[in-house]
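Below are the chains, spelled out letter by letter.
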Amino acid sequence: YRIAVLASGRGSNLQALLDAIADGSLAAAIVGVFSDRPSAVALQRARDAGIPARSLRPKAFATRAEFDAALFAAVDEVQPDLIVCAGYMRLIGGAAADARQGRIINIHPSLLPAFKGLRTHQQALDAAAGEHGASVHFVTPDLDGGPVIAQARVPVHANDDADTLAARVLEREHPLLVETVRWLAAGRIALAEDVVHVDGRPR
Ligand code: GRF
């Protein structure tokens, strides 16, 4: 089961996948890591694990569509069964997302559909949410709006700031992403007519 990972930064979710593969608890291979930022730590993590890593600069392209076309041409070259956006901070255009529906997932640090977009932990605090968390969802042309596959919940404490909350969520993101990818690799999760199916049944 071949996985391509898209990441813009630190890459701790990428690392969680690499660690699960290394310890034998995830039967898959990461066959390429791609970034829109040459300085992304995720690229170094990939290289340290002997995985091809590439970055493309959005500024080198006239339009989002051209950037996406170049990025996904590189991604398609490694022939992934699954594309995982793990801290990939750029919007994926409609055409690129549409062409790969059911084969691209994203991890987003909120309990979707609550708190789409950026600064989700601050959004949760501003809304005085009692609960927060992370979601793994299929990527569709609708930003952070694709069908949710799985979520992890954490409490929000009275003395939380965005950093303490982010840390509590991140700790849950890693096992959530690994477990979701495990189910996808096992063929237990699929997207059909915009609905997530688990073991063949709509969920
Ligand atoms: C995570 O919180 C992820 O949900 C969000 O960006 C962060 C990426 O962290 N989209 P990392 O790069 O995987 O460490």
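Parameters at a glance
Counting from 1, residues in each chain are numbered in the order their sequence is written. Only residues with pLDDT of at least 70 are given local features in this predicted model, and only at 80 or more are side-chain atom pairs given and counted; all residues enter the totals for whole chains, interfaces and linings. Only DSSP runs of H or I reaching four residues or more are called helices, and only runs of E reaching two or more are called strands; each is numbered from the N terminus. This radius of gyration counts C-alpha atoms alone. The globule rule is 2.2 Å times how many residues there are, raised to the power 0.38. Neighbour density around each residue's C-beta defines its exposure: 20 or more other C-beta atoms within 10 Å make it buried, 12 or fewer make it exposed, and counts between make it partly exposed, where C-beta atoms are placed from the backbone. In this description, a residue-residue contact is defined by the distance between C-beta atoms placed from the backbone, which must lie within 7 Å. Defined on buried residues, the nonpolar core groups Ala, Val, Leu, Ile, Met, Phe, Trp, Tyr and Cys residues joined through C-beta atoms within 7 Å. Two strands form a pair only when DSSP identifies at least two bridges running between them. Only the stretch in contact is used when fitting a helix axis, every axis being a line fitted to C-alpha atoms; angles between N-to-C directions are given from 0 to 180 degrees. UniProt positions are given in the numbering used here, feature names are shortened, and annotations may be inferred rather than shown by experiment. Working definition: roughly parallel below 35 degrees, roughly antiparallel above 145 degrees, roughly perpendicular at 65 to 115 degrees, and oblique for all remaining angles. Helix crossings are classified by the rotation of the near helix relative to the far one: an anticlockwise turn of less than a right angle makes the crossing left-handed, while a clockwise turn makes it right-handed. Note on definitions: a residue is near a molecule or strand provided its C-beta atom, placed from the backbone, lies within 6 Å of it. When residues are grouped by polarity, Ala, Val, Leu, Ile, Met, Phe, Trp, Tyr, Cys and Pro land in nonpolar, Asp, Glu, Lys and Arg in charged, and all others, Gly among them, in polar. Every residue is assigned a pLDDT by the predictor, reflecting its confidence on a scale from 0 to 100.

Chemist: What am I meant to see in the overall build of the protein here?
Modeler: Secondary structure summary: the protein contains six helices and ten strands in total. Computed over C-alpha atoms, the radius of gyration of the protein comes to 16 Å, within 12% of the 17 Å expected from 2.2 N^0.38 for 203 residues, which places it in the range of a compact globule. Summarising its shape, the C-alpha atoms of the protein cover approximately 45 × 40 × 35 Å along the three principal directions. Split into buried and exposed, the 203 residues of the protein put 37% on the buried side.

Chemist: Got a minute to help me understand the environment of Ala 190 in this structure?
Modeler: Looking at the secondary structure, you find Ala 190 in strand 8 (residues 189-192). Separated by 112 residues in the primary sequence, Ala 190 and Val 78 place their C-alpha atoms 21 Å from one another. For Ala 190, the contacting residues outside a window of four places in its chain are Gly 102 and His 197.

Chemist: Help me understand the nonpolar core in this model?
Modeler: Looking at soluble globular proteins, one finds that nonpolar side chains tend to be buried together. Counting residues in each nonpolar core, the largest one holds 48 residues, and the members touching the most others are Val 5, Ala 7, Leu 17, Val 33 and Ala 86. Examining the composition of this core, we find that six residues originate from one element, helix 6 (residues 162-185), more than from any other. Sequence-distant contacts of Val 33, defined by excluding residues within four places in its chain, comprise Val 5, Ala 7, Leu 14, Ala 42, Leu 43, Ala 46, Ile 51 and Ala 53.

Chemist: Teacher, can you tell me more about unusual backbone geometry here?
Modeler: Note on backbone geometry: most residues besides glycine have negative phi, and most peptide bonds are trans. In this structure, Pro 113 follows Leu 112 across a cis peptide bond, with omega equal to 10°. Along the chain, Pro 113 turns up in the loop between strand 5 (104-108) and helix 5 (120-126). At Phe 115, a residue that is not glycine, the phi angle is positive and equals roughly 55°. If you trace the backbone, Phe 115 turns up in the loop between strand 5 and helix 5.

Chemist: Teacher, can you tell me more about helix 1 (residues 12-22) here?
Modeler: Turn by turn, an α-helix covers 3.6 residues, leaving residues three or four places apart pointing in a common direction. Every buried residue of helix 1 is accounted for by Asn 13, Leu 14, Ala 16, Leu 17, Leu 18 and Ala 20. In this structure, the buried side of helix 1 is in contact with strand 1 (2-6), strand 2 (29-35), helix 2 (41-48), strand 5 and helix 6. Following helix 1 by one or two positions, Gly 24 adopts a phi angle in the positive range, close to 85°.

Chemist: It is not clear to me how the sheet that holds strand 4 (residues 82-85) should be interpreted in this structure. Could you clarify?
Modeler: As a general point, the strands of a sheet are linked pairwise by backbone hydrogen bonds and lie either parallel or antiparallel. One open sheet holds the seven strands; their spatial order is 3-2-1-4-5-6-7, and the pairing between them is mixed. Strands at the two margins of the open sheet, each flanked by one partner only, are strand 3 (53-55) and strand 7 (148-155). The average angle at which neighbouring strand axes cross in this sheet is 20°, direction not considered. Where strand 2 and strand 3 come together, three bridges link them in parallel fashion.

Chemist: Teacher, can you tell me more about the UniProt feature "active site" (unreviewed entry) in the protein here?
Modeler: When the UniProt feature table is mapped to this numbering, "active site" (unreviewed entry) covers His 108. Within the secondary structure, His 108 sits in strand 5. In this structure His 108 comes out as buried when scored by C-beta crowding, with 23 C-beta atoms within 10 Å.

Chemist: Would you mind showing me how to read the packing of helix 1 against helix 6 here?
Modeler: Packed helix pairs are characterised by how far apart their axes lie and by the angle those axes make with each other. Taken N-terminus to C-terminus, the directions of helix 1 and helix 6 make an angle of 50°; their axes are 9 Å apart at the nearest point. The orientation of helix 1 with respect to helix 6, classified from their angle, is oblique. The handedness of the crossing between helix 1 and helix 6 comes out as right-handed. In this structure, helix 1 uses Ser 12, Asn 13, Ala 16, Leu 17 and Ala 20 to contact helix 6, whose residues at the interface are Leu 170, Glu 173, His 174, Leu 177, Val 178 and Val 181.

Chemist: Looking at this model, I keep getting lost on the site of the ligand. Mind explaining?
Modeler: Close to the ligand lie 14 residues, the nearest being Arg 10, Ser 12, Asn 13, Gly 87 and Pro 109. At the level of elements, helix 1, strand 5 and helix 6 are the ones that each hand at least two residues to the shell around the ligand. Looking at the shell around the ligand residue by residue, the classes come out as six nonpolar, six polar and two charged.

Chemist: Would you take a moment to explain the confidence of the model for the protein for this structure?
Modeler: The predicted coordinates ought not to be read in detail in places where the model reports low pLDDT. Chain-level pLDDT for the protein is 97 on average; 100% of the residues reach the 70-or-more range. Model confidence for the complex is summarised by a pTM of 0.97, with the ipTM given as 0.98.

Chemist: Honestly, the UniProt feature "binding site: (6R)-10-formyltetrahydrofolate" (unreviewed entry) in the protein in this entry has me stumped. Any pointers?
Modeler: Mapped onto the present numbering, the UniProt feature "binding site: (6R)-10-formyltetrahydrofolate" (unreviewed entry) falls on Arg 64, Met 89, Arg 90, Leu 91, Ile 92 and Asn 106. Mapped onto the fold, Arg 90 is located in the loop between strand 4 and helix 4 (94-99). With 16 C-beta atoms packed within 10 Å, Arg 90 lands in the partly exposed category. Those residues in contact with Arg 90, other than ones at most four positions away along the chain, are Ser 8, Asp 36 and Pro 58. Setting aside its immediate chain neighbours within four residues, Ile 92 contacts Asp 68, Ala 97 and Val 139.

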